[in-house]
Amino acid sequence: PGTGSLNPAGSHGRSGVLTAFAAAKVNLALHVTGRRNDGYHLLDTLVVFPDIGDRLSAEPGDSVTLVLEGPFAAALSAESADGDLVLKAARLLATLSPRPLPGARLTLEKALPVASGIGGGSADAAAALRLLCSFWNLEPDEAELHGLALQLGADVPMCLASKTARITGIGEDIVPLAGIPPFGIVLANPGVPVPTPLVFAKLASRDNPPLPAIPGGGFESLSRFIDWLGSTRNDLEASAIEAAGEIADVLNALRSDPDVALARMSGSGATCFAITGSRRDADAIAARLRQTHPDWWIAAGAVA
Ligand code: C5P
């Protein structure tokens, strides 16, 4: 489910509650192709959104408030940037309404690690935009919503789309991509937050080639897709490892599993991913990894 899927929570037995899924964003390939005058980097990236993520709900309240729950709630309130991003999204969306809007009691179930290269805060902000459009009966057009998302952060528009896509610019030019076979995925994070600006600042080269051409008809098999991915990179990997050496340990652990077809870092790290043939393989790899690295955050899922 993407952030676009809103489930009226009738199944919860509580009326007036809406929920939205905020899927993790995983950069399967990320090339840094230049830098804008304002310091933001130009990217060429392929992103997917596995069924691993946070959950945001809204119910009637006196004002707009946010309650944090789940395994990473404490990390988030200490850091506060991501929590702020949900409330910032709510305030920004409210400016579209000519009349005062009712309060919303928001609850964020924080399942994704904070500042970890899989877009947690951006996914939460995008989910807040979708959820509150529905909650407040607002109907901005997609272009308007995309504009609000970009104001919230470079990764928020892609999380708003929440679909496999090739993305250029600083994250605003989104071209949905069909023709990628489904696969299983493992996410692993060593528990070290990595600040994105630091990783970009440490980059050795900012003018790298774009992604190689993607076959027009898509990929006929997963192994063909993995071959293609093998000719791509994450240009942020080296500088992220410089900032947090634990990332190399995660990559080594993933790559040493015989069922892992390809392992790489996502975004600016520290979360790394492994691609597998199926969700079952991903579950098995995750179980093995939890045995050897009980202190890491490890999740298994699939990309449809
Ligand atoms: O837009 P967002 O707040 O997510 O970006 C955080 C920081 O990451 C920026 O201030 C910038 O230093 C860096 N960044 C970048 N190029 C991008 C995205 C982020 O340099 N395309």
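Remember, predicted model here, so these are calculated numbers, not experimental data. (Residues numbered from 1 in each chain as written. Predicted model: local features only at pLDDT ≥ 70, side-chain atom pairs only at ≥ 80, totals over all residues.)

Enquirer: Run through the overall build of the protein chain, naming residues and quoting values.
Expert: Of the regular secondary structure elements, the protein chain holds ten helices and 13 strands. Relative to the globule expectation of 19 Å for 304 residues, the C-alpha radius of gyration of the protein chain, 19 Å, shows essentially globular dimensions. Oriented by its inertia axes, the alpha-carbon framework of the protein chain measures out at about 55 × 45 × 40 Å. The burial tally for the protein chain puts 43% of its 304 residues in the buried class. In the protein chain, once contacts between residues fewer than 6 apart in sequence are set aside, the share between residues at least 24 apart is 73%. (Helix = DSSP H or I, 4+ residues; strand = E, 2+ residues; numbered from the N terminus. Rg over C-alpha atoms; globule rule 2.2 N^0.38 Å. Buried ≥ 20, exposed ≤ 12 C-beta atoms within 10 Å, placed from the backbone. Contact = placed C-beta atoms within 7 Å.)

Enquirer: How would you explain the site of the ligand if you had to name every residue and give the values?
Expert: Contacts to the ligand come from Tyr40, His41, Leu43, Gly153, Ala154, Asp155, Ile170, Gly171, Thr196, Pro197 and Phe200. Secondary-structure elements contributing two or more residues to the shell around the ligand are strand S4 (41-48) and helix H6 (196-201). No other element matches the three residues that H6 contributes to the shell around the ligand. Its residues assigned to classes, the shell around the ligand shows six nonpolar, four polar and one charged. Both domains that furnish three or more residues to the shell around the ligand are identified here as domain 1 (6-175) and domain 2 (178-303). (Near = placed C-beta within 6 Å. Nonpolar A, V, L, I, M, F, W, Y, C, P; charged D, E, K, R; others polar. Domains from an automatic or database assignment.)

Enquirer: Account for the environment of phenylalanine 72, with residues named and values stated.
Expert: By secondary structure assignment, the location of phenylalanine 72 is in the loop between strand S6 (64-69) and helix H1 (73-79). Under the C-beta neighbour-count criterion, phenylalanine 72 is labelled buried, with 22 such atoms within 10 Å. In the structure, phenylalanine 72 is positioned 41 residues away from proline 113 in sequence and 6.0 Å away in space, judged by C-alpha atoms. Non-local contacts of phenylalanine 72, meaning those with residues more than four positions away in its chain, are made with Lys110, Ala111, Leu112, Pro113 and Val114.

Enquirer: Talk me through the nonpolar core; I want residue IDs and the actual numbers.
Expert: Most often, soluble globular proteins have nonpolar side chains that are buried together. Ranked by size, the top nonpolar core spans 85 residues in total, and within it Ala126, Ala128, Leu129, Ile185 and Val186 carry the most contacts. With nine residues, the single largest contributor to this core is helix H3 (residues 120-135). (Core = buried A, V, L, I, M, F, W, Y, C linked by C-beta atoms within 7 Å.)

Enquirer: Any details on helix H4 (residues 142-152)? Residues and values, ideally.
Expert: Listed in full, the buried residues belonging to H4 are Leu145, Leu148, Ala149 and Leu152. Looking straight down H4, one finds that the buried residues subtend no more than 100 degrees of arc, so they occupy a single side. Across from the buried face of H4, at angles greater than 90 degrees, the exposed residues are Ala143, Glu144 and Gln151. (Arc of directions from axis to C-beta.)

Enquirer: With reference to specific residues and values, describe the UniProt feature "active site" (unreviewed entry) in the protein chain.
Expert: Mapped onto this numbering, the UniProt entry gives "active site" (unreviewed entry) at Lys25 and Asp155. Taking the farthest pair of C-alpha atoms as the criterion, the annotated set spanning 131 residues converges on one region, since that pair is 8.8 Å apart. Along the chain, lysine 25 falls in the loop between strand S2 (18-23) and strand S3 (26-35). Residue classification places lysine 25 among the buried positions, given that 28 C-beta atoms sit within 10 Å. Leave out the neighbours within four places in its chain, and lysine 25 touches Val47, Phe49, Ile118, Gly119, Ser122, Ala123, Asp155, Met158 and Cys159. The topology assignment puts aspartate 155 in the loop between H4 and helix H5 (156-161). (UniProt positions renumbered as here; feature names shortened; annotations may be inferred.)

Enquirer: So what's going on with the domain arrangement of the protein chain? Residues and values would help.
Expert: Here the protein chain is partitioned into domain 1 (6-175) and domain 2 (178-303). If you average the C-alpha positions of domain 1 and of domain 2, the two centres end up 22 Å apart. Secondary structure elements with two or more residues in the side of domain 1 that touches domain 2: S3 and S4. By residue number, the principal contributor to the side of domain 1 that touches domain 2 is S3, which donates ten residues. Each residue belonging to the side of domain 1 that touches domain 2 can be placed in one class, and the counts come to 14 nonpolar, nine polar and four charged.

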